[in-house]
Structure formats: C-alpha cells, structure tokens
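Breakdown of the fold
Below, each chain spelled out in residue letters.
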Amino acid sequence: MFLLLASIFSSCQEKKKHVPITLESFADMADPAYHVDADLLSEGLRHEVMADTDRETPDIQTRRHYLDGGPLVWVTLNGVSAKADTLLAYLATVDSIGFSVERFCYSSLRDDLKRARNLDFAPDKHSRNNINKVYARLEYRLTKAFLRYAEGMRFGFVNPYDAFNRLDVRDSTNAYKSYRSLYDVPTKRPDAKFVAEAFRVMSSDGAAVGAFLSASHPENPLYAQFCRRLRQPLSAPERRRVLCNMERSRWRHGDYPQLHKKRVVVNIPSLHLVATDGDEHLSMRIGLGSLKTKTPLLTSKIKRMDFNPQWIIPKSIIKTSVRHNAGNTAYFESHDYFIRQRSTGKVVDPANVTADMLMSTDYLVIQRGGEGNSLGRIIFRFDNDYSIYLHDTSNRNVFSRNNRSVSHGCIRVEKPYDLAVFMLADKNEALMKKIDYSMTVKYGRHRTEDDDLNTPINRRMMLRSLKVEPQVPMFITYYTLYPDANGTLIGYDDIYGYDPVIYRRIQKYM
C-alpha cells in the first residue's frame, strides 16, 4: 500500500498552473527518475531525522513523529498540495519580525517544491535530487518549519519558565543546585494536545493550514506596536531591544492589562507603578527587589488592604540579617521585633533564643505594626507564592534615589494613601478619612512625650483591614520598551539583565 501511495506522490507544474499527477499519469512512465521507492523514501526520512541537530522543541517533536512511525502529512496521493504554498507564504514574512527565512528551511522548501512540480528529478538514487530524497526532504522540512512557525508565533520562541526559573542560584552543593523562581505569569505552552492538533491540521487542506497559522498570530495588543517600531530606522542596540520585547509579547497569557478598565501595572524596568481606571492614571515611584533578590514576575488581583500590619519576617531574611543576633535583646528591641513560638502561641524572650531556633519553622520573628514598621502603615495583599506585596515603607528616602532596587522582593510604593483611595470602588469621604487617620496616627510604643498623650486614639477611626471589592487586577511585568499613558513607546534600562537572556535564545532564528 505504501508503494502504491509513493508511486503517485508527485505533482507537476506547467508554467501557469499546477496539474495534479494521477495514477494514470505514471502508468507509461518507465523513466527511473520518476520511480518512487518506499524503502528509499523511508531511508530519506531517516537521513533527515539523523542529520537534524537542532534542539528546539518543534525540532524534537518533528523527529519524534517520524522516528515513531508517524504518517506522512504533506506528501499525499495527490502529491504535495497547495497547502505547502500556504505555509511558504507565511514563512516568507519572518524577515519582517527580525528572523531569517532560512531558519525555517525556506529556500530548500521553495526549490524542492519547484523541482517536484517540474518533475526535475535525477535518476541516480544517490543524487540529492532523486525523487525519493526530494520528497523525504519536503515531508520532513515542511513539518519542521510548520511547527517552528506555529509554536513560535503562538507561544513564543523562548520558554520563559526555562529562561528565568533556572537563572539565579538559590543554594548549591556538589550534588544539588536550586534556583530562585523569577517567572510565575500564567503562560500557555505547546502541550501534547496542541501538537496533536497541529499534525491533524497538517494532514488537512490548505484552508485549514492557513486558518491555523493565522490563529497563531500573537494576541498581545503590544505586538503590533513593536512590529511597527521594528520597521523604523534603528541602531543595533535599539533593534535588539525591540526584538526582545517582541518576544515577550508573543508569550500567550490569555490576560493582559489592556483588557481591564481598572488595573495596576508594575513594569519593573520603569521603576514605577501605574494604576489606571479608564482615562485616569495614578503614577508613582517604587522600590523593588535587588539583583540578588529580584521581584518575581506574576499576575494576581489585589484583594485586601491591611493597616499598620505586623511583619512576619521571611526565613530568607532571618538567615541573612537576623539569626546572627540571636540572644541579643537590644537588637530585637531596637527593631521592634518579638519572637513567637508557633506551637504554643507564646512570646519568647529573645535572650533565650538560639540561631537554630530562629531558623526553625516553630518560631516566628515578627515586627510590631505601626510607625517604624518596615512595611509602613499599609500593605496591599494579593495571592502569590512568594510572600511579596505592595506596601508603604518607613524609609521614604528610597524614592529620591535613581537606583531603587533595594528590597527582598516586595514592592514599596511612593504614594500609599493615593493607591488606597484608588482601590475604593466608592470614593466615600468618611472612609477616606479613616484611611488617612489609620495611616498617620501614632499609638502604642510610638507615642512619645512630644505627643499629646491626653488625646486618646480614636478607635472608631482606626481601620485594621479593608476588602478590595471588586478585586483589582495587578500585573508585575518586565518590558524594556513599554507605552506610556499616551501610548508612546518609552525605553527603560534593563535593570535585571533579562534582555540578553532572551536575545541569546532568539538568535537561533536569525
């Protein structure tokens, strides 16, 4: 059956139109140049598989398909149909996104298609232009090019989870190495279901191939803007920056800031937070994670505001900044820290605590809430796996600095009161006064002789917590080229050095 199929694989081309080759067309052809041999065709496919040393995901998927005996998807009873031309038309455009068409086998496919349609085959079975080798090349390389294009355009040519979650080493021994997770944005990747659908489409007609490739176009609203910028005269560094941000905009999240009327966006390179509600924009400076403790990229929703929060100090900070002060009561008092045993709930005297106890999961080091707390007077909470938040700060000087990469990962905000008011669905004056009072009143350990101690704290004005209803979408993202409130693309310094990480990977397609 395979031999029968193979004997009628090819199609020819007159100068002005394609003429399909049928079984009858081959009946009187005794020329060995047109003899398709099943074994030689299979051998040609095996040669393509073994010669392909590319290691990108689409390349591995292509090799696996043919090594596992998968069916032919381009070469059929009617030859190589017009769906190959549909694919070639898409491949011809990759130079407009900064890539080389040759990384998608373009010239090879174009020349082999022309050869097949002109019946321009060499009779020598060892010639690279033997009919069996030509069809083997077409079958393999059409599949590889299709998967490279479709997966790259739909999901990105770089896997951000691989690129960023194996970048910063957390701990390392001779036998083990762990990494900090820096990327936790929900991002779709080409799974087995997608690959199966891709092969089904390749087995279909030209219309299905065209529709599938068209649907692979990036959905991020920024992508078209970056494409337009790439068409402008650019220096080499400017071009690299555009290409890196184009790749970011290919990562398919399903959710983007532009889809929400009310949202909060922290674009890390900008060192600013922008809260948007329709045509209104609130912008403020931020402090964020240092190079050693980078702020991770994530998407969440702000769900609650807590006032005068206590700070439960993460073990990572205890390890680097607190544990060597175990037993030093003065240190804990000066920082307003106390220690609580989790199993009993009791407060423990710092003088009786060892460094090992501080690192134990049974003990918490907590900073009292109020004035002087590292979290400031308000914290904006959202679900995430890193215990990071937006919050006020007791160190306001950080916002006057150019380099504001100063935290252990949390984001300090310059205008906490304004951001709190932004969160309110109803700008209730009475509630706004309570927010202001809760963020400015002195109380407890922070009331001194200079304060009017005869004026009691108005507990009715004090807020402990406010739900944000409806919750406000929040995006912590990383673009070194990003539109301002007017839609103008602004360039930013690559403060975490992420652009070269991306550029090294997309260079494989240039």
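Here the residue index of a chain counts from 1 through its sequence in written order. Under the rules for a predicted model, residues below a pLDDT of 70 receive no local features and side-chain atom pairs below 80 are neither given nor counted, while totals for whole chains, interfaces and linings still include all residues. Here the side-chain values reflect all heavy atoms present in the structure, with hydrogen atoms and water set aside.

Focus on the layout of surface pockets
Buriedness for pockets is judged along seven lines, at least five of which must meet protein on both sides within 12 Å for an open set on the 1 Å grid over protein atoms alone, while cavities are sets there where a 1.4 Å probe fits but cannot get out, and lining residues have an atom within 4 Å of a point. Grid points are joined across faces, edges and corners, and a volume is the space filled by probe spheres set on the points. Taken as a whole, the largest pocket holds about 1200 Å³ of empty space. Forming the boundary of the largest pocket are 43 residues, of which Pro314, Ser316, Ile317, His408 and Gly409 lie nearest the centre. Elements represented by at least two residues in the lining of the largest pocket include exactly strand S5 (169–172), strand S12 (311–312), helix H13 (315–322), strand S16 (378–382) and strand S18 (405–407). Here the nonpolar group is Ala, Val, Leu, Ile, Met, Phe, Trp, Tyr, Cys and Pro; Asp, Glu, Lys and Arg are the charged ones; every other residue, Gly included, is treated as polar. Among the residues forming the lining of the largest pocket, the class breakdown is 16 nonpolar, 17 polar and ten charged. Its volume calculated, the second largest pocket comes out at about 470 Å³. Lining the second largest pocket are 20 residues, and of these Val274, Tyr482, Pro483, Asp484 and Ala485 sit closest to its centre. Segments assigned H or I by DSSP are reported as helices when at least four residues long, segments assigned E as strands when at least two residues long, and all are numbered from the N terminus. Of all the secondary structure elements, the ones that give two or more residues to the lining of the second largest pocket are helix H11 (222–230), strand S8 (262–267), strand S9 (272–277), strand S10 (280–289) and strand S21 (481–483). Classifying every residue of the lining of the second largest pocket gives nine nonpolar, nine polar and two charged.

Some remarks on the state of the cysteines
A covalent bond between the sulfur atoms of two cysteines is what we call a disulfide. In what follows, a disulfide is any cysteine sulfur pair within 2.5 Å. Scanning all chains against the criterion turns up zero disulfides. In this structure Cys244 is a free cysteine whose sulfur lies 14 Å from that of Cys227, the closest cysteine sulfur available.

What to know about the packing of aromatic side chains
How two aromatic rings sit relative to each other is given by the distance of their centres and the angle of their planes. Only the six-membered ring of Trp is used, alongside the rings of Phe and Tyr, when aromatic pairs are assigned; centres must lie within 6.5 Å, and planes under 30 degrees apart are stacked while those over 60 apart are edge-to-face, with the rest tilted. All told, the structure shown has 26 aromatic pairs when counted by the stated rule. Where Tyr479 meets Tyr482, the ring centres are 5.4 Å apart and the plane angle is 40°; that geometry is what we call tilted. For the exposure calls, accessible area comes from a 1.4 Å probe over protein chains only, and a residue counts as buried if that area is under 20% of its type's maximum, exposed if over 50%, partly exposed in between. Given the relative accessible area of 6%, Tyr479 is considered buried. Pairwise contacts between aromatic rings join Tyr161, Phe164, Tyr183, Trp251, Tyr478, Tyr496 and Tyr498 into one cluster. Above the plane of the ring of Tyr389 lies Arg381, whose end atom (NZ or CZ) is 4.9 Å from the centre. Think of it as a cone above the ring: NZ of Lys or CZ of Arg counts as a charge over the ring if it is within 6 Å of the ring centre and within 35 degrees of the ring normal.

A few points about the pattern of salt bridges
A carboxyl oxygen of Asp or Glu within 4 Å of a side-chain nitrogen of Lys or Arg is what we treat as a salt bridge. With the rule as written, the count across this model stands at 24 salt bridges. As a salt-bridge pair, Lys261 and Asp277 come within 2.7 Å of each other at their nearest N and O atoms. Taken together, the positions of Lys261 in the loop between helix H12 (236–250) and S8 and Asp277 in strand S9 put the pair 16 residues apart, joining distant regions of the chain. Judged by relative accessible area, which is 58%, Lys261 ranks as exposed.

What to know about empty space enclosed by the protein
Tallied over the entire structure, the rule returns one cavity of 30 Å³ or more. The computed volume of the largest cavity comes to approximately 240 Å³. In terms of lining, the largest cavity is formed by 21 residues, of which the most central are Val185, His253, Thr477, Tyr478 and Tyr479. Listed by contribution, the elements that provide at least two residues to the lining of the largest cavity are strand S11 (297–307) and strand S20 (465–477). Tallied by class, the residues present in the lining of the largest cavity amount to 14 nonpolar, five polar and two charged.

Structural notes on the nonpolar core
Generally speaking, a soluble globular protein has its nonpolar side chains buried in company with each other. Nonpolar cores were defined as sets of buried Ala, Val, Leu, Ile, Met, Phe, Trp, Tyr and Cys residues, with membership established by side-chain atoms within 4.5 Å. Formed by 118 residues in total, the largest nonpolar core has its most connected members in Phe146 and Leu390. For this core, the leading source of residues is helix H7 (residues 131–155), giving 14 residues. Whether two residues are in contact is decided by their heavy atoms: any pair within 4.5 Å suffices. Each residue touching Phe146, except ones within four places of it in the same chain, is listed here: Trp74, Leu87, Ala198, Val201, Met202, Val209, Phe212 and Leu213. Core analysis: the second largest hydrophobic core is formed by 16 residues, Trp311, Ile313, Leu358 and Tyr363 among them.

Structural notes on the confidence of the model for the protein chain
pLDDT is a per-residue confidence score from the predictor, ranging from 0 to 100. Scored by pLDDT, the protein chain comes out at a mean of 90, with 91% of its residues at no less than 70. This stretch, residues 1–28, has a pLDDT under 50; its non-local contacts, to residues over four places away or in other chains, come to 63 contacts.

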